[in-house]
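Residue strings, one per chain:
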Amino acid sequence: MTPRTTTAIPRVRRASTFVALSAAALLAASCGTGEDSPAAQGEVTPQSDLTTEELETGESGQFAVAELVDPEGQPRGTVEFAEVEGGTLVTASASDLPPGFHGLHIHATGLCEPDSENPSEPGERGAFLSAGGHLKGDDDEAVHPEHAGDLPPIYVAADGTGEIVTFTDRLDRDRLLDDDGSAVMIHEDSDNLANIPERYAPDGPDEDTHMAGDGGGRIACGVVTGQG
């Protein structure tokens, strides 16, 4: 499934940030800045169906939450899911993590076992491996970043905290809360979203990159649990 749009913005003061980003996008789309431009004539149309109120509160209905823990079972934040027009609003808040960008994904199985076997690689054990790979969605042949569970990386500041709000039309209640559930995963490294320029890899991204964007080990996990 090709996403309609994915917008990632900081949770703090996100309503005003959304307005600012929307204004910038509209100006860029106006194809000119003079008096005859569409923007000057008031002929531009907002590109998102989401209101700032929906972005700020997820008022259309929070339906699930995941409590993040590290491999030692210590709390590392919360991820909330809310229904909004056209898709799902994902709000992630993390703490006590290493600074920098970290891969943020939804994995296919609702398990967050600290020392577990990889279901696709028998004999391989590690933190949260029982959660399986990325939630793929309707296309079993999809590669990263086209999985339903692929989300933008989360940035963690120097104080160990990170927050992100992102919209996706690839996830919904049924997909997240199916029979085997799902889990939110934060990885130790950034996610390159399989964007490997040809000058570095003439044959394109390798299998590992297509699987998970080279996000590395799993440092925080939370089982997605339904609400209401």
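This text goes with the structure placed above it.
Residues numbered from 1 in each chain as written. Predicted model: local features only at pLDDT ≥ 70, side-chain atom pairs only at ≥ 80, totals over all residues. Heavy atoms only, no water.

Caption draft 1: Layout of the overall build of the protein. Helices and strands together make up the secondary structure of the protein, namely four helices and 12 strands. Within the protein, the proportion of its 228 residues that are buried is 41%. Restricting to contacts in the protein with at least 6 residues of sequence separation, those with at least 24 account for 68%. Split by element, the accessible area of the protein, about 11,900 Å² in all, is 49% carbon and sulfur. (Helix = DSSP H or I, 4+ residues; strand = E, 2+ residues; numbered from the N terminus. Buried < 20%, exposed > 50% of the residue type's maximum accessible area, 1.4 Å probe, protein only. Contact = heavy atoms within 4.5 Å. Areas by Shrake-Rupley, 256 points an atom, 1.4 Å probe, with all protein chains shown as cover.)

Caption draft 2: Fine view of the environment of Cys 112. Within the secondary structure, Cys 112 is located in the loop between strand 6 (104-107) and strand 7 (116-117). Considered as a pair, Cys 112 and Leu 68 are 44 residues apart in the sequence and their alpha carbons are 9.1 Å apart. In contact with Cys 112, other than residues within four places in its own chain, are Phe 128, Ala 183, Cys 221, Gly 222 and Val 223.

Caption draft 3: Just the environment of Ser 190, in detail. Tracing the backbone shows Ser 190 in the loop between strand 11 (183-187) and helix 4 (207-212). According to the relative accessible area criterion, Ser 190 is partly exposed, its value standing at 33%. Beyond its immediate chain neighbours, meaning those up to four positions away, Ser 190 contacts Phe 101, His 102, Gly 103, Gly 213, Asp 214 and Gly 215.

Caption draft 4: Examining the state of the cysteines more closely. On inspection of all chains with the given rule, the structure shows one disulfide. Between the sulfur atoms of Cys 112 and its disulfide mate Cys 221 the distance is 1.9 Å. Handedness here is read from the sign of the S-S torsion; for Cys 112 and Cys 221, about -70°, the answer is left-handed. Placement of Cys 112 in the loop between strand 6 and strand 7 and of Cys 221 in strand 12 (residues 218-226) is noted, with a sequence separation of 109 residues between them. Here Cys 112 matches Cys 221 in class, with each residue buried. (Disulfide = S-S within 2.5 Å.)

Caption draft 5: Just the nonpolar core, in detail. Among the nonpolar cores identified, the biggest contains 25 residues, and Val 79, Phe 81, Leu 104, Ile 106, Val 184 and Ile 186 are the most heavily contacted of them. When neighbours within four sequence positions are excluded, Leu 104 is seen to be in contact with Ala 92, Gly 149, Leu 151, Pro 152, Pro 153, Ile 154, Ile 164, Val 184, Met 185 and Ile 186. Ranked by size, the runner-up nonpolar core spans six residues in total, among them Cys 112, Ala 131, Ala 183 and Cys 221. (Core = buried A, V, L, I, M, F, W, Y, C linked by side-chain atoms within 4.5 Å.)

Caption draft 6: Region of the structure containing the pattern of salt bridges. Inspection of the entire model under this criterion finds six salt bridges. In this structure, Arg 76 engages Asp 96 in a salt bridge whose closest nitrogen and oxygen atoms are separated by 3.9 Å. Taken as a pair, Arg 76 in strand 3 (residues 75-84) and Asp 96 in the loop between strand 4 (87-94) and strand 5 (100-102) lie far apart in primary sequence, 20 residues in all. If you follow the salt bridges from partner to partner, you end up with Asp 70, Arg 76 and Asp 96 in one network. (Salt bridge = Lys/Arg side-chain N within 4 Å of Asp/Glu carboxyl O.)

Caption draft 7: Up close: unusual backbone geometry. In this model, His 144 is joined to Pro 145 through a cis peptide bond whose omega is 10°. Along the chain, Pro 145 falls in the loop between strand 8 (125-126) and strand 9 (154-156). Located in the positive-phi region is Leu 193, a residue other than glycine, with phi close to 55°. Counting through the fold element by element, Leu 193 comes out in the loop between strand 11 and helix 4. Positive phi values are uncommon outside glycine, yet Ala 194 reaches one of about 60°. Looking at where Ala 194 falls in the secondary structure, it is placed in the loop between strand 11 and helix 4.

Caption draft 8: Expanded view of a negative patch on the surface. Side chains of Glu 117, Glu 121, Glu 124, Glu 188, Asp 189, Asp 206, Glu 207, Asp 208 and Asp 214 sit close together on the surface and give a patch of like negative charge. Tracing the sequence through the fold places Asp 206 in the loop between strand 11 and helix 4. (Patch = residues over 30% accessible without salt bridge, like charges linked within 9 Å, V, L, I, M, F, W, Y side chains within 5 Å. Lys, Arg positive; Asp, Glu negative; His and termini not counted. Charge placed at Lys NZ, Arg CZ, Asp CG, Glu CD.)

Caption draft 9: Structural detail: the packing of aromatic side chains. Evaluation of the coordinates by the stated rule reveals two aromatic pairs. On the basis of an interplanar angle of 40° and a centroid distance of 6.5 Å, the ring pair of Phe 63 and Phe 81 is categorised as tilted. One end of the pair, Phe 63, is in strand 2 (residues 62-69); the other, Phe 81, is in strand 3, with 18 residues separating them in the sequence. Note on accessibility: Phe 63 and Phe 81 belong to one class, buried. Taken together, a centroid distance of 5.0 Å and an interplanar angle of 55° make the contact between Phe 101 and Tyr 155 tilted. With Phe 101 in strand 5 and Tyr 155 in strand 9, the pair connects residues that are 54 residues apart, well separated along the chain. (Phe/Tyr/Trp six-rings, centres within 6.5 Å; stacked < 30°, edge-to-face > 60°.)

Purely geometric stuff here, so don't read any function into it on its own.
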